[in-house]
Each structure stands twice: as structure tokens, then as C-alpha cells.
Amino acid sequence: TVSEHAPNPAAGDPSRPIGFGRIQRKEDPRFVRGRGNYVDDIVLPGMLHGAILRAPVAHARLLSIDASEALAHPKVVAVITGKDLEALNLAWAPTLSADVQAVLVTDKVRFQGQEVAFVVAEDRYAARDALELINVDYEFLPPVIDARKALDDGAPVIRDDLPGRTDNHIFDWEAGDAAETDAIFASADVVVAQELVYPRVHPAPMETCGAVADYDTVDGRLTLYETTQAPHAHRTLYAMVAGIPEHKIRVVSPDIGGGFGNKVGIYPGYILAVVGSIVTGKPVKWVEDRSENLMSTSFARDYIMQGEIAATKEGRILALRTNVLADHGAFNATAQPTKNPAGFFHIFTGSYDLAAAHCKVTGVYTNKAPGGVAYACSFRVTEAVYLVERMVDILARKLEMDPAELRLKNFIKPEQFPYANKTGWVYDSGNYEPAMRLSMEMAGYDELRREQKEKRERGELMGIGISFFTETVGAGPRKHFDIVGLGMADGAELRIHPTGKAVVRISVQSQGQGHETTFAQIVAEELGIPPEDIDVVHGDTDQTPFGLGTYGSRSTPVSGGAVAMVSRKVRDKARFIAAAMLETRAEDLEWEKGRWFVKGDPSAGKTISEIALGAHGTLTLPDGVDGNLDAEVTYDPPNLTFPFGAYICVVDIDPGTGHVKVRRFIAVDDCGTRINPMIIEGQVHGGLTDGVGMALMEMISFDEDGNCLSGSFMDYLIPTAMEVPDWETGFTVTPSPHHPIGAKGIGESATVGSPPAVVNAIVDALAPYGVTHMDMPCTPARVWEAMQGRTRPP
Ligand code: CDP
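This structure is a prediction, so every number in the text was calculated from the model and none was measured.

(A) A look at the overall build of the protein chain. Scanning the protein chain from terminus to terminus reveals 18 helices and 33 strands. Taken over the C-alpha atoms alone, the protein chain extends approximately 85 × 75 × 50 Å along its principal axes. The proportion of buried residues among the 794 residues of the protein chain is 63%. Across the protein chain, the fraction of contacts at a sequence separation of at least 24, relative to all contacts at a separation of at least 6, is 78%. Charged side chains in the protein chain number 74 positive and 106 negative. The centres of these two groups are separated by 3 Å.

(B) Inspection of the sheet that holds strand β30 (residues 629-635) at higher detail. Reading across from one edge, β26-β25-β24-β30 is the order of the four strands in this open sheet, with mixed pairing throughout. The two strands at the open ends of the sheet, each matched to only one other strand, are β26 (534-537) and β30. Between one strand and the next, the sheet's axes are offset by a mean angle of 15°, whatever the strand orientation. Here strand β24 (residues 490-496) pairs with strand β25 (residues 502-506) via five bridges, running antiparallel. Bridge pairing links I496 to A502 in β25. Across the face of the sheet, helix α14 (residues 555-582) comes into contact with β24, β25 and β30 while running at roughly 145° to β30.

(C) Structural view of the pairing of strand β12 (residues 221-226). Burial runs high along β12: five of the six residues are buried. Here strand β11 (residues 210-216) hands over to β12 after four residues, with G220 in that stretch at a positive phi of 65°. As defined by bridge partners, β12 adjoins strand β13 (residues 249-252) across four bridges and the pair is classed as parallel. Looking across to β13, one finds that Y225 is bridged to V252.

(D) Structural context of the site of the ligand. Around the ligand, the surrounding shell holds 22 residues, and the nearest of these are Q513, H515, S555, T556 and I746. T518 places a side-chain nitrogen or oxygen 2.7 Å from an oxygen atom of the ligand. In the model, an oxygen atom of the ligand is placed 3.0 Å from a nitrogen or oxygen of the N676 main chain. Compared with its free state, where it exposes 520 Å², the ligand has 98% of that area covered by protein. Those elements giving two or more residues to the shell around the ligand turn out to be α13 (515-527), α14 and α16 (677-696). Split by residue class, the shell around the ligand holds seven nonpolar, 13 polar and two charged.

(E) Spatial organisation of the pattern of salt bridges. Taken as a whole and assessed by the stated rule, the structure comprises 56 salt bridges. A salt bridge links D327 to K368; the shortest N-O distance between them is 2.6 Å. With a gap of 41 residues between them, D327 in strand β16 (residues 317-327) and K368 in the loop between β17 (356-364) and β18 (371-373) connect regions that are remote in the sequence. Across the pair, exposure class does not vary: D327 and K368 are buried alike. With a closest N to O distance of 2.7 Å, R595 and E592 form a salt bridge. A cluster of three or more residues bridged by salt bridges with shared partners is formed by R61, D99, D107, K108, R110, R159, D160 and D161.

(F) Broad picture of the side chain of N262. One can find N262 in the loop between β13 and α7 (268-280). Assessed through its relative accessible area of 0%, N262 is described here as buried. Among residues more than four places away in sequence, those in contact with N262 are H202, P203, P205, C209, Q229, Y267, N293, T297, S298 and V373.

Quick notes on the rules
- Residues numbered from 1 in each chain as written.
- Predicted model: local features only at pLDDT ≥ 70, side-chain atom pairs only at ≥ 80, totals over all residues.
- Heavy atoms only, no water.
- Helix = DSSP H or I, 4+ residues; strand = E, 2+ residues; numbered from the N terminus.
- Buried < 20%, exposed > 50% of the residue type's maximum accessible area, 1.4 Å probe, protein only.
- Contact = heavy atoms within 4.5 Å.
- Lys, Arg positive; Asp, Glu negative; His and termini not counted.
- Charge placed at Lys NZ, Arg CZ, Asp CG, Glu CD.
- Pairing = 2+ DSSP bridges.
- Axes fitted to C-alpha atoms, helices over the stretch in contact; angles between N-to-C directions.
- Near = heavy atom within 4 Å.
- Polar contact = N/O pair within 3.5 Å; in protein donor to acceptor, adjacent residues only side chain to side chain.
- Areas by Shrake-Rupley, 256 points an atom, 1.4 Å probe, with all protein chains shown as cover.
- Nonpolar A, V, L, I, M, F, W, Y, C, P; charged D, E, K, R; others polar.
- Salt bridge = Lys/Arg side-chain N within 4 Å of Asp/Glu carboxyl O.

Given below as C-alpha cells:
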């Protein structure tokens, strides 16, 4: 276990620990003073501005484009069309899922908002104005909008660009043992089934996507400032696709205003900015607006899940099975590890010790924006947790059992870890019951149930919803996980300057998670250098080691491991240098945080700072020890980490309007060793807000023609402080046995775990009306509708 407030003896100030603890974020002074440097803040000499003409309909053949009027605009420098890109062999780009995606339409529009042409002009306004001067002829085609109809006989074939394509099927994928699962279902006392729709939602980061491309025509060097969560992966892919040598490409991801999975993929806009810069010989900036972000960049979820759960009448859960229809939009651009077309969905057995499980996922194309990103989750874990946590609640209702009691009865027991579930995962560590009990204690669970009973008697609608989740984060071991063939290990480089100050360069990159603080804290914990003396460099491929980027809460599990290992490498090296300085043998030295000292003689020792100076001094160093205190590592994690949590949500529903008020939310999280509890709480608060948003109001919807009905924040509602309660957070600590510091990821736990808690609470509140399920988002209209025609029992 870890002390939450490890004192800082050097500073004499317990609020400033050396290492893990609640310290203020080092990056905040620049953010709160408005001194962040985002992509749109970048202004280069002679910079031009790009704008994208987008398709007005969901499905249409492109007949012709006439850009002559736009080109005649006095401020327009270039207009790029699909034909121009074809000539450069850049009209199609590979997606992260072995498909291709049109950069600009050459043959057919496949979703509303698709990229049709790119205008480069002297300013943003002229570029936008000129879009209206481009004349495009389309032949409209019937669209496929409903995923359930995508595989119908005679459904229009969306991807006729792919040779031999006669339908809209992408993949079938399964996990678990179907026969074993079916056999258990056939003889189970109780079986309940439910269709669950996880609607299409959008990560909607505060900052939209954008790029500034600067191609130097003299030395062939491309500098690309991008809103990306994965600068190294982008650079490698640009080199592979565009043929620019990799060492001539520099991708910089400066301050990023939220990613949540939205900034993992390579969007046409980024590529168009590069082409625009090559064509004009000037830097080109492209920054999308909110509607473009919501309508054309990666969505998340869009899973239609048929769930079934089998149990004994005493409430022992035996098996779970599901069939899923996954809507991937017009191109399979979902960002998943190669072997996992449905991501980590097969962790859908959750926190329970089951005898069997089976899932099958079928991916289909529709005329909607491509994507399927891990919006604040590790590759489809959100869908998986929603499925199991709703099914367990539905079962509890059927068995007339308390949902907390049912969960407690079926948890994987502490002694079963490492636990191999029925679909191929090995959970590293867990201790579920204490987390569940702590959340119940914090909530005053029994008292809440008593209050609910009284309120029901008065006709008031109060609901209590529980969700207990296990995540699988930290992709991952390179033998199992890659993206387009690139393994998912991360690097770290640590340099201790002669005066003992340090710089650590890491593979991952922050979109607001506070890495500049927490990665410094890992070095501080390992070496005893105060965190304020350690700079964290990230987000620039010229300055950092290769790695696959930040998503799926992988930074702490993978790069965090790398930083701990590199610090230990420095510590080991420091031991030899200290021994030389103290004229003793390395094995006679003992470590305490910040210094090596002679065993049995604590007064004879050298601090890391002294050793750094010694390393760079005139001392004769032992053979094989070079004169610095630097090191580098690549860390390939042996397994993922499996954080977990117990959430309890309390709602009140207005029976007259269907309005849901989230009155309380109790979140107990376990992410193993806690580096910075304040940052963890911030991550949890944000994720819980996301979860309430998805449960109550967020959905990217379409009309039957494929018009996107959620292209602005007037229509795509996101939660504000008004819709959420004061969060009540707690924690338990179950370290990961394989992670160097025992830490698991936390960034996405709350987004993953909270939606089922809210929906379970709403369905619980509506129990007197006989409601057993409701699909998200539980808007007032849907809630009100669910109550209509049903009478409350007296
Ligand atoms: O990959 P991402 O940064 O989004 O997720 P993460 O690894 O879960 O980390 C989110 C933030 O929480 C980072 O600043 C972490 O260093 C911090 N964190 C922590 O303080 N302790 C943990 N056990 C896990 C994360």
C-alpha cells in the first residue's frame, strides 16, 4: 500500500512529497494564465489556411467537380480534389483497421460530411467563402443508415470500391466457448435476455482536430503540428503512405485540449494540410469547426447487443452470452489492436466468476461517419461493462434479489487472482468485496433503500443503481497487441544533469491528464529528486522515444512502467559511481530514497545530485560505466492491468416530466498504487461526468436519409456542472503484481463504469411501473414515454 501523503523531508513540507502524493499540477500555471500552446495558436511565417468542402448527403455518386470559380477568388491559392490526389497516389489512405478510407471523394460519397475538396487560401475566411464557389454534381443513391438492415438482401453496397464486394459485411469475430455456454444455458434454472443498444456517441473534446503542415521544399523535411494522441504512430504511417523518409518527418503534438480517443486516427484533414503545404510550398493550417468534428471525425460505441444471462435460482451466475451488431460507418477506421476487431469487448464477463461465456460480434458498413474509437475507454470495454452490469441488474430483478447482494455473491474471490476468465483474459489482481462494501458504506446503502421504500409509498420515484466494473488497460504486451503491425511497447529516456536536475523523455503524450506532473513523480519516487526538478518532455517525435501513443489508459501501465525502469537503471548506475566516489565496493552500498550510503555507516553516503556531479567530474569510473547519469529503456509490459471500481448512483425522477436528477454518485476506484491522488480524482470526476452525459443526453443520431441530426452542441448535448452532483469518491489499493510500481490505469475507469450505474438507477426508479430496461440516452421524453400506459401498483 501507498501513503497518500508521503512527506518531503528535504522541503520540510508534507504537502510537497518527493514522489507519490497530492501535488499541484506542474502544467497548470501555463493553462490558467492562458499560456498554453495549442495547434491553433501556432502561426508560421507565410502560413496559408485550408478548408474542406464536405458532402451534403450520405450516399451519392460523384459526377463532376468544377473548381474554376473558387480558383478565381483573389485570395485562393489552390483547390485540391480527389483527382489531384489520385495523381499523387494519395486519394485513399490506410485506416488503423486494415481498411482504406478516401482522403477526398473520387468515386462516391459514403457519408454526410465526407471530404470532397480542399481549398487553400490566404486566410481562413477566404478559404471558407471559396467552398461555396465549388460546383459539384452528384447522382443521389439510397443510403444504408440502420445497421440492422445493412446485411439485408438487396441492401445498397456501400464499399463498391473494394474489389469483389457484394454486401456490407466487415467481420465476424468471437470469443469464449459457444458449445459449453449453450449447454449451461440449456440446463440453467433461470435465463433472462435483453437487447441493449449502446448508441453512437462522440468524444467531443473541447478542442476540435487540426494541423499545421510545414513542408520544406529545399531539404524535403516535413514538420507537422497536429492534434494527435499518437505522434510516433502518425509519423511512421505518413512515412509509409506518403513516401517521405521517416527521419525527415517531425510530428509535434503540442498542448491538446482533450482527446478521449477522438485524436488517435489520421483524418483526411491532416493529410490535406500536408498536401496543401507540398503543393503551395507554404505552411498550411487546417482547423475544423465543431460541426465538422461532430459529423466527420470518429464516433464511439454504436453497438446493438443481444445479451443473455443464466443463473441458479439461488442467484449463482453461471454464464453470459451475447451477439453484437457493430456499426462501423462507411470505412472500417476503428482504432483497435490488429487481432481484436471488437477491441477488448470480450472482457464482458466483468467481475464475476462464471462457468462459461461466449460473444460474437459482427461488423457492418453503413452510410455514416467512420470510426468506432475507444472514447475514454480501452477498446470497447465501455460496451462490455454496460452489457454485463445491465444484465446482472436485470437478473437481480428477475430473482427479486438485491443487486448489491447478487454481485457480492458472484465476485471473483481474492484468492482466485491471477484469474483466467472464460474469454482469454488473465486479470492481474483484484479484491472486489472491500470496494463494493466501501461504496455501500459511503452511500449508506441500507438507509437509501429504506428511504426509497418510503418514497415509493408516497408515489415518489427514487432509484439506486449499482455498477461494479473491471477494466483491462495498458495495451500492451507486444506479443499480443499491435496497431498496423507496430507493437505496443513504450520507451523512456532519463538524463540527470550534472547539478542533479533531470529531464525524462517519454513516448506517451498528454491531452490534459497531467503527465508533466505524474511522470516526474515516478522519477522522484525512484530517485528522490524533487518533482519540480524534473522536466517531462513529450509529444514531439524529434525529442522522444518511439511509442504508440496515449489512449486506453495506457500511459501509466506502459510508459509509467518505462519511467520506473529507466529510473532504476539510473539508480543502479549511480551505485557504481557512488562506490567509486566513496572508495568502496558497490555491493557495500545501501539505497534510501535519494542516496546511496555505506551499509552500517549512514553518514558515509552520496546523494543522487552529488553522484550526478561525480559522474561528470574527473573521477576514474569503473570499467563499463560511462561518464554520465543517463539511461534509456523500452518497456514491454508482461500483461495488461485490471483496475476496478464500485459505483452507486442515486436518482430522483419527476413523474410529470420524466426529468432525471442525479442526486448522488459514489465512486470507489482501485487503480493499484496511486501516484497523484488529486490527479486521479480529477480523472474520475471527468469520467463520471462523461458517463452521466452518455446515460442521459448524448447521441449522434441520423434521419432516414442519413442526415446527421447532432452536428452542433445545440443538438448533441453534453453535460455541464448543472447536470452532475458533487462526486463522492473513495478508493482501495490493490497493486498490480507485474507493474514496476504496482500502478494500474485510471484515466477512463469512470467513463466505463458510470453509465450502467445511472441506467440501473433509472430503471430501479421506474420499477413500480414495471419498466425493466431502457436504452440510453434516458432523456426526459424517453423516461416519460416508458411510464405511459403503465400503471403503478397501489
Ligand atoms: O493514458 P492516460 O494518461 O489517459 O491514462 P492513465 O495512465 O490512467 O493516467 C491518467 C493520469 O492519472 C496520469 O496523469 C497518471 O499518471 C495518473 N495516474 C495516477 O496518478 N496513478 C495511477 N495509478 C494511474 C494514473
